[in-house]
Amino acid sequence: MADTSKTSLNWPGIYEGTVPCADCEGITTRIILNADKTYTMNTQYKGKSENVETYEGTFNWDKNGSKIVLHGMAKGGGSPNYLVGENVLYQLDFNGNRIAGNLANNYILKQIQSFR
């Protein structure tokens, strides 16, 4: 069996970052991925609202073991698709593709704590 993000990376943990926002200063995002395939996501729209939105649910790996899809997010909560890398999550577009262009590097959440 080939090594995949799912099998060879230390992916359970806490990831944080600020992703671009069309009508605010950025979306502060924190995702907790648990080994039992559950997650908690907190988002806050900087400069627009002090409210923190919380989403909880389960996630599934794609057949290649490199991408996850978060289930249980409300509409408007952003793309539920992420590529799992070494100590990072890359937010993908709604079709599951890497975001390209000048802002591509702004769609990265860094692992700040590992659960293993």
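1. Description of the side chain of Thr29
Examined against the element boundaries, Thr29 turns out to sit in strand E2 (residues 26–33). Here Ile27 takes part through its backbone oxygen, which lies 3.2 Å from a polar atom of the side chain of Thr29.

2. Notes on the packing of aromatic side chains
By the definition in use, this model includes three aromatic pairs. Measuring from centroid to centroid gives 5.7 Å for Trp11 and Phe59, while their planes differ by 85°, and the two rings are edge-to-face. With a gap of 48 residues between them, Trp11 in the loop between helix H1 (5–8) and strand E1 (13–19) and Phe59 in strand E4 (residues 53–61) connect regions that are remote in the sequence. Of the two residues examined, Trp11 and Phe59, each falls in the buried class. On the basis of an interplanar angle of 70° and a centroid distance of 5.3 Å, the ring pair of Trp11 and Trp61 is categorised as edge-to-face. Of this pair, Trp11 sits in the loop between H1 and E1 while Trp61 sits in strand E4, and the two are 50 residues apart along the sequence. The exposure class of Trp11 is buried, given its relative accessible area of 5%. Here a set of aromatic residues connected by ring pairs shows up, and it is made of Trp11, Phe59 and Trp61. Across from the ring centre of Tyr90, 4.1 Å away, lies the NZ or CZ of Arg98, which sits over that ring.

3. Some words on the pattern of salt bridges
Once their charged atoms are close, side chains differing in charge can pair, the charge on each being opposite to the other. According to the stated counting rule, one finds two salt bridges in the structure shown. Salt-bridge contacts for Arg30 lead to Glu16; the nearest nitrogen and oxygen are separated by 2.4 Å. On the criterion of sequence distance, the pair formed by Arg30 in strand E2 and Glu16 in strand E1 is long-range, its members being 14 residues apart. Using a relative accessible area of 31% as the deciding quantity, one classes Glu16 as partly exposed.

4. Overview of unusual backbone geometry
Located in the positive-phi region is Lys37, a residue other than glycine, with phi close to 65°. Within the fold, Lys37 resides in the loop between E2 and strand E3 (38–46). The class for Lys37 is partly exposed, based on a relative accessible area of 33%. Positive phi outside glycine occurs at Asn87, with the angle close to 65°. Mapped onto the elements, Asn87 comes out in the loop between strand E6 (81–85) and strand E7 (88–91). Given the relative accessible area of 39%, Asn87 is considered partly exposed.

Criteria and thresholds
- In this convention, every chain numbers its residues from 1, walking through the sequence in written order.
- Where totals are concerned, whole chains, interfaces and linings use all residues; where local detail is concerned, this predicted model gives features only for residues with pLDDT of at least 70, and gives and counts side-chain atom pairs only at 80 or more.
- The basis for the side-chain values is all heavy atoms of the structure; hydrogens and waters are excluded.
- Numbering of helices and strands runs from the N terminus, with a helix taken as a DSSP run of H or I at least four residues long and a strand as a DSSP run of E at least two residues long.
- The term polar contact refers here to a pair of N or O atoms within 3.5 Å; inside protein, the definition further demands a hydrogen-donor-capable atom paired with an acceptor-capable atom, and it admits residues adjacent in sequence only when both atoms are side-chain atoms.
- A pair of aromatic rings is counted whenever rings of Phe, Tyr or Trp (Trp by its six-membered ring) have centres within 6.5 Å, and the orientation is called stacked for planes under 30 degrees apart, edge-to-face for over 60 and tilted otherwise.
- A 1.4 Å probe rolled over the protein chains alone gives each residue an accessible area, and that area as a share of the maximum for its type sets the label: buried under 20%, exposed over 50%, partly exposed in between.
- Only Lys NZ and Arg CZ are tested; either one counts as a charge over a ring when it is within 6 Å of the ring centre and within 35 degrees of the ring normal.
- A pairing counts as a salt bridge when a side-chain nitrogen of Lys or Arg comes within 4 Å of a carboxyl oxygen of Asp or Glu.

Worth remembering: the numbers are spatial, not functional.
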